[in-house]
Amino acid sequence: MDDKKALKYLIDINKVSLEDALSMLDKISSDLYHKKLSVIHNNSISMHFRHIDDFWSCFYAGLQSKKLNYNNRNRSKELESSKDKMQKKITLTIKLLKDIFETTLRVEDELIKPGSIIEIDSNTNREMLFLYEHTIHHIYIIRMVLNSLGIKIGNKNIGYNLSTIEKIKCAL
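Here's what I pulled together on the structure shown here.

Rules behind the numbers
- All residue numbers refer to positions counted from 1 along the written sequence of the respective chain.
- Reporting of local features is limited, given that this is a predicted model, to residues whose pLDDT is at least 70; pairs of side-chain atoms are given and counted only at 80 or more, and all residues count toward the totals for whole chains, interfaces and linings.
- The basis for every side-chain value is the complete set of non-hydrogen atoms in the structure, without hydrogens or water.
- Aromatic pairing here means that ring centres of Phe, Tyr or Trp (its six-membered ring) are within 6.5 Å. Orientation follows from the plane angle: under 30 degrees is stacked, over 60 is edge-to-face, and everything else is tilted.
- Only DSSP runs of H or I with at least four residues qualify as helices, and only runs of E with at least two residues qualify as strands; both kinds are numbered from the N terminus onward.
- The rule is simple: take the accessible area with a 1.4 Å probe, protein chains only, and divide by the maximum for that residue type; under 20% is buried, over 50% is exposed, in between is partly exposed.
- Among buried residues, the Ala, Val, Leu, Ile, Met, Phe, Trp, Tyr and Cys ones that are joined through side-chain atoms within 4.5 Å form a nonpolar core.
- Pairs of residues are marked as contacts when any of their non-hydrogen atoms sit within 4.5 Å.
- Between any two strands, pairing holds if DSSP finds at least two bridges.
- Here the expected span of a helix is defined as 1.5 Å times the quantity of residues minus one.
- Each cavity reported here is a set of points on a 1 Å grid over the protein atoms alone in which a 1.4 Å probe fits but cannot get out, each pocket an open set with protein on both sides within 12 Å along at least five of seven lines, and each lining residue one with an atom within 4 Å of a point.
- Grid points are joined across faces, edges and corners, and a volume is the space filled by probe spheres set on the points.
- Angular values range over 0 to 180 degrees, each being the angle between N-to-C directions of two axes fitted as lines to C-alpha atoms, with helices fitted over their stretch in contact.
- Each angle receives one of four descriptions, namely roughly parallel if under 35 degrees, roughly antiparallel if over 145, roughly perpendicular if within 65 to 115, and oblique otherwise.
- Side-chain classes follow a simple rule in which Ala, Val, Leu, Ile, Met, Phe, Trp, Tyr, Cys and Pro form the nonpolar group, Asp, Glu, Lys and Arg form the charged group, and the remainder, Gly included, forms the polar group.

## Description of the packing of aromatic side chains
Inspection of every chain in the model, using the stated rule, returns 7 aromatic pairs. Summarising the aromatic geometry, the rings of Trp56 and Phe59 are spaced 6.0 Å apart at their centres and angled 85 degrees between planes, so their arrangement reads as edge-to-face. Note that Trp56 and Phe59 are positioned in helix α3 (residues 45-65) at a spacing of 3 residues, about one turn of the helix. Each of the two residues, Trp56 as well as Phe59, counts as buried.

This is the structure we're talking about:
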């Protein structure tokens, strides 16, 4: 698959994962959204949604500047405390997908130790693949938390990577 087709595909699958996040938000009351839960070590479901948004926000900022650092997250308490604001933010993130373009990016991170920044070359497609995997990972965590609380998700595929879904189908 060439880069242009790959980018279109990555945009499409990210759109689905973000729409899945929205559909999961619909299953959660505002109180449950920001409630600290022992099953996730006294964190909240909202922290996972906010974390997803943090990475997307860093990506969009990096796409413009050509420099990307996922450690420079906003960690918005406002998005953690308001389910409605999170729904609006995810909806905006979905709308912005149409504006994504192919480019090279310089990714910075402090993986080794604080203050010791590494920089690597990347590109839009690689980061979109990462964002898909990251979003799906957190959606799955949210799904498991909801399952533990007796809240069932109608779509049995939400939170699973597309390759996992295909492997499950093949095993049946």
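What follows continues from the structure just given.
## Observations regarding the nonpolar core
One recurring pattern in soluble globular proteins is that nonpolar side chains are buried together. In this structure, Ile45, Phe49, Trp56, Phe59, Ile90, Ile100 and Met128 are the most contacted members of the largest nonpolar core, which totals 43 residues. Contributions of two or more residues to this core are made by α1 (3-26), α2 (30-34), α3, α5 (83-96), β4 (104-113) and α6 (124-148). Once you skip the residues sitting within four places of it in the chain, Met128 turns out to touch Leu7, Leu10, Ile11, Asn14, Trp56, Phe59, Leu97 and Ile100.

## Concerning the pairing of strand β5 (residues 116-123)
Pairing of β4 with β5 involves 7 bridges; the strand directions are antiparallel. Within β5, the position partnered with Thr104 by the bridge is Asn123. In sequence, β4 turns back onto β5 through a hairpin of 2 residues, with Gly115 there showing a positive phi of about 90 degrees.

## Let's talk about the pairing of β4
With 2 bridges joining them, strand β3 (residues 67-68) and β4 adopt parallel strand pairing. Opposite Leu68, over in β4, you have Val107 as the bridge partner.

## Some remarks on α3
The terminal C-alpha atoms of α3 lie 31 Å apart, and with 21 residues this matches the ideal 30 Å at 1.5 Å per residue to within 8%. Of all 21 residues in α3, 16 are buried, a share of seventy percent or more. Just downstream of α3 lies Lys66, where phi reads positive at about 70 degrees.

## Section: empty space enclosed by the protein
The method is simple in principle: a probe with the dimensions of a water molecule rolls over the atoms, and the space it marks as empty is what remains. All chains considered together, the criterion is met by 1 cavity of 30 Å³ or more. Roughly 30 Å³ of volume is contained in the largest cavity. Looking at the largest cavity, the residues that line it are Leu18, Phe49, Ile52, Asp53, Trp56, Ile90 and Thr93. With 4 residues, α3 is the largest single contributor of residues to the lining of the largest cavity.

## Structural notes on the packing of α3 against α6
Each pair of packed helices can be described by the angle between their axes along with the distance between the axes. Close contact between α3 and α6 brings their axes to 9 Å; oriented N to C, the two are set at 170 degrees. Taken together, α3 and α6 sit at an angle that is classed as roughly antiparallel. In terms of residue class, the contact of α3 with α6 is built from 15 nonpolar, 6 polar and 1 charged.

## Here's the deal with the layout of surface pockets
Quantified by volume, the largest pocket comes out at close to 180 Å³. Lining the largest pocket are 13 residues, with Tyr70, Val107, Asp109, Ile120 and Glu127 sitting closest to its centre. Put simply, the parts of the chain that give the lining of the largest pocket at least two residues each are β4, β5 and α6. Considering every element that reaches the lining of the largest pocket, the biggest residue donor is β5, with 5 residues. Across the lining of the largest pocket, the residue classes tally to 6 nonpolar, 1 polar and 6 charged.

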